[in-house]
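Take a look at the letters that make up each chain.
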Amino acid sequence: MLSRDISALFFNGLGSLERPQSSGSWKMLLLLVLQAAWALGGGQVRYSVPEEAKAGTVVGRLAQDLGLEAGEPEARRLRLAAQGRRASVEVSGASGALVVSSRLDREELCGKSAPCALRLEVLVERPLRVFHVELEVTDINDNAPLFPAARKNLSIAELSLPGSRFPLEGASDADIGANAQLSYTLSPTEHFSLDLQKSEEYRESLFLVLAKPLDRETVPVHRLVLTASDGGRLPLTGTMELVISVLDANDNAPQFNQSVYKVQLPESAAEGTLVVRVSATDPDVGSNREMTFTASNTFPPKGLNLFILNPKTGEIRLAGALDFEDVRSYEIQIEATDKGTPPLSGHCKVVVEVVDVNDNAPEVWVTSLSVPVPEDAAVGTVVALLSVSDRDSGANGRVRCAVWPAAPFGLVATFAGSYSLVLREALDRERVPEYEVEVRAEDGGAPPLRASRGVRVPVSDVNDNAPAFAQAVYTVLARENNAAGAELARLWARDPDEAGNGRVSYSVAEGGVGGAAVGAGWRPASSYVSVDAESGRLWALQPLDYEELQVLQFEVRAVDAGEPPLCGNATVQLFVVDENDNAPALLPPAGGGPGPGSAGEAASGPGSGALWAWAAWGAPAGQVVAKIRAVDADSGYNAWLRYELWEPRGKGPFRVGLYSGEVSTARALEEADGPRQRLVIVVRDHGEPSRSATATLSVSLVEGAEAALAAAGSSSSSSSSGAGLRPGAGAEGGAAAAAAAATATATTNVWLVVAICAVSSLFLLAVVLYGASRWAPRAAVLSGPGPATLVCASEVGSWSYSQRQSRSLCVADGAGKSDLMVFSPNFPPPPGPAAKETQPEPPALLDTVFRVINSFCSSQ
């Protein structure tokens, strides 16, 4: 203010002085006066204003301070002289006050200079005058400390010692004075502190001091905040982040995640399977952290080539095949080494447990075998000892055994892994001579594995089977007149045993077992036939004659060579088949007398017989005149006879019954037919070739009375000899013959009745005896009785089946009647010696009956 007053007085004094005449002199004088006044008062006007004053703030009453009257600032155009930079103040035209026109920033205007004074030139016109005004801009604390960068990165070695100092660049404050006085603080940390060194000569220095050893693995980066505060009334602060990276040192060895790695690996794992990946960490960085893996030791040593270790990744892979049954676990020592200086290493152990897989099938071994087994071995007999094992373990190694087929053998467990193959059922070598037994074993794995062992068990033979014929009764047909030594049949008995036990020899049973009744004697079967001991062929020892022997029944015995020998029997029924070897024979007429002539063989010409008969004149057609009687020793068709009228041929008065042999009238007889007719009758059998016999019948034609007399004489024998049939002795002896016939008729009738009664009684006795022998109790029956016997007897002749035995019964004097045929039944004799001794054979019994009948007939 003092300088402002002095300046005012100075200007006022100058105004009262007169101006010099020369303008140049005036200006020079004015300048000198101003300089003197400025020097005296330090300038005419001086103002001060704080920075950042608001626009419009009055700095000072410039017009008043310059001594201008009211109205003069505007009239004289009071203003600031234009300068090179904006003054941020201006003169108000109306009031003449100096006011702030724009923002004042001391730091922008003066920087760090103090004090900050702005020199302004103020112009006023009429007259033109220049005033110098000094405006001081005072500092306020409007600038916070400012660091060169918001973040500073530092790298400090991990092994740096406590007390180590690291220089920091301090902050700057655009303010001055106390507002620019800075102090520093560091965010809380136990590892670092600050040291601020001030010097009058040099700029202050700021240091970061290490207070505690660093550990990069614990805190690799320290992030701190450095704060600078100024000395203002309301202090402002600035911050900078300190990022302190701890440089690594190789002070840590690699550490595995686990000290022991346990891995379970199935033994079926394929080559290349990842076993395990070992992992190690090294808290160091860079090359100190890089590590390689190596396998330092493997137990057992064979596992060294079984596993492959990747030195970079730590992967362990399978390089071969595992076998639980060989090695159940492996131990591998793994070492991890870093690349620091010096290198550090860490260790771990990998334990690989091999897990069993059901990869081994059970094994079955036959440790002992006792074969062959006799077929009479007792149930429970031990046949074989077996051993069963499985190399797997646990359920995979538990084995179940069974035998197939389930019979007749079974398994018995003796102790763990051992079994006995024993007999469960009785054996029969003839049914199954050998067994293929399969012992099957199955383990308990999933899926289960199976194994089997075949055991061949042959069965040895014992002589437990007797020879058995294919048939209990053999029926053999043999033609009569066969050659001696001819083979009749082949018998075969089967013995299922083997070797000597099954070797069979054959023989005909002796001792009355079989035979035939011939005449009045008994001949054994061995006199007719023989059996080959080895082949069983049945041979004929002599030619057979049907008329002598129709049926031969005997037993053949088959004996094996076992010890003791066993035998079997079969009954042979030998039926002799009839051959047509006998020609028909004419029977003589009843009542005695000369008979007909013998019949000749067909080959040599028929024989002849002379017979005669009577016929009455006027006899009607169909009246039987006579009957031709003939017999054939053969049987069947060979004995079936037919009668043919050979002469006269053509339409004669007589005809002959084809099968009955009855001669009857073909028409009524007339006188023109003559007194006598000669008939030639041929008797033929049905054999191949057929045989025949010839009979000549003379029929005398007489009156009715003579014919009636002849018929009465012959009526008693008409049933057997035919009506009026008499042997021919010429026409002259007819009357004498008729008388003799009448005498013999009465005698024949009596004996005929006696014979019929005797035959009937004997026949009934034979039937009773047969029934008793047939139904009597027997020890064994080889064969039942044969089928019902066929008996044929009729008016057309008689014939019998060729396989049956027949007998003729005598019913008249000297003649056998073929109308009644008796056949012996086919049945085997009762077995056993007792039956043979006490009971006669049915054929012999019948032969006895027939012999009695024949004897009786012949005696008559």
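Coordinates for the structure precede this section.
Values in this document were obtained by computation on a predicted structure and should not be read as measured data. (Residues numbered from 1 in each chain as written. Predicted model: local features only at pLDDT ≥ 70, side-chain atom pairs only at ≥ 80, totals over all residues. Heavy atoms only, no water.)

> Give a detailed account of the state of the cysteines, specifying residues and quantitative values.
Summed over the entire model, instances satisfying the criterion amount to one disulfide. What pairs with Cys110 in a disulfide is Cys116, and their sulfur atoms sit 1.6 Å apart. Taking the torsion about the S-S bond as the criterion, the Cys110 to Cys116 disulfide, at about 65 degrees, is right-handed. Judged on exposure class, the residue Cys110 and its partner Cys116 are both buried. (Disulfide = S-S within 2.5 Å. Buried < 20%, exposed > 50% of the residue type's maximum accessible area, 1.4 Å probe, protein only.)

> With reference to specific residues and values, describe the sheet that holds strand S34 (residues 487-490).
Strand pairing within a sheet occurs via backbone hydrogen bonds; the two strands may be parallel or antiparallel. Within the open sheet, the three strands sit side by side as S34-S40-S39. Their pairing is antiparallel. The open sheet is flanked by S34 and strand S39 (529-531), the only strands paired with a single partner. In this sheet, neighbouring strand axes are inclined to one another by 20 degrees on average, regardless of whether the strands run parallel or antiparallel. Examined bridge by bridge, S39 and strand S40 (residues 537-540) share three bridges and lie antiparallel to one another. (Pairing = 2+ DSSP bridges. Helix = DSSP H or I, 4+ residues; strand = E, 2+ residues; numbered from the N terminus. Axes fitted to C-alpha atoms, helices over the stretch in contact; angles between N-to-C directions.)

> Residue-level account of the packing of aromatic side chains, with values.
In this structure the tally under the stated criterion is nine aromatic pairs. Between Trp612 and Trp614, the ring centres sit 3.8 Å apart and the planes meet at 90 degrees, which makes this aromatic pair edge-to-face. Overall, Trp612 belongs to the buried group, its relative accessible area being 9%. Judged by its relative accessible area of 16%, Trp614 is buried. Note on Trp640 and Tyr659: the rings are 5.2 Å apart at their centroids and 20 degrees apart in plane angle, and the pair reads as stacked. Here Trp640, found in the loop between strand S46 (630-631) and strand S47 (641-647), pairs with Tyr659, found in the loop between strand S48 (654-656) and strand S49 (662-665); they are 19 residues apart in sequence, far enough to count as distant. Connected via pairs of aromatic rings, a cluster forms that spans Phe469, Tyr474 and Tyr506. For the cation-ring pair, Arg165 lies above Phe207, with the distance from its terminal atom to the ring centre recorded as 4.5 Å. Positioned above the aromatic ring of Tyr528, the side-chain terminus of Arg523 is 4.6 Å from the ring centre. (Phe/Tyr/Trp six-rings, centres within 6.5 Å; stacked < 30°, edge-to-face > 60°. Lys NZ or Arg CZ within 6 Å of the ring centre and 35° of its normal.)

> I'd love a proper account of the pattern of salt bridges, names of residues and values included.
One pass over the structure, following the stated rule, counts 33 salt bridges. Between Glu430 and Arg429 there is a salt bridge; the shortest N-O distance is 3.4 Å. Accessibility classification places Glu430 together with Arg429 in one group, the buried group. For the salt bridge of Glu498 with Arg429, the shortest nitrogen-to-oxygen distance reads 3.7 Å. Note that Glu498 is positioned in the loop between strand S35 (493-494) and strand S36 (504-508) and Arg429 in the loop between strand S29 (418-423) and strand S30 (434-443), a separation of 69 residues in sequence. Under the relative-accessibility criterion, Glu498 is labelled partly exposed at 37%. Within the structure, one salt-bridge network assembled from shared partners comprises Arg429, Glu430, Asp461 and Glu498. (Salt bridge = Lys/Arg side-chain N within 4 Å of Asp/Glu carboxyl O.)

> So what about the pairing of strand S41 (residues 551-560)? Which residues, and what values?
With eight of its 10 residues buried, S41 lies for the most part within the structure. Two elements, S36 and S41, share five bridges in a ladder whose sense is antiparallel. Its bridge partner being in S41, Val504 is matched across the sheet by Asp560. The sheet contact formed by S41 and strand S42 (residues 567-577) spans nine bridges and is antiparallel. The residue bridging Val559 from the neighbouring strand is Cys567, located in S42.

> With reference to specific residues and values, describe the sheet that holds strand S22 (residues 329-338).
Ordered in space as S16-S23-S22-S19, the four strands form an open sheet in which the pairing is mixed. The outermost strands of the open sheet, each flanked by one partner alone, are strand S16 (260-266) and strand S19 (291-299). Taken over all neighbouring pairs, the strand axes of this sheet differ in orientation by 25 degrees on average, direction set aside. Relative to strand S23 (residues 345-355), S22 runs antiparallel, the two sharing nine bridges. Each residue of the ladder has a partner; that of Ser329, found in S23, is Glu353.

> Residue-level account of the nonpolar core, with values.
Residues Phe469, Phe554 and Leu574 are the most contacted members of the largest nonpolar core, which totals 28 residues. Listing elements by their share of this core, those giving two or more residues are strand S33 (473-479), S34, S36, S39, S40, S41 and S42. Ranked by size, the runner-up nonpolar core spans 27 residues in total, among them Phe256, Ala269, Leu322 and Tyr330. (Core = buried A, V, L, I, M, F, W, Y, C linked by side-chain atoms within 4.5 Å.)

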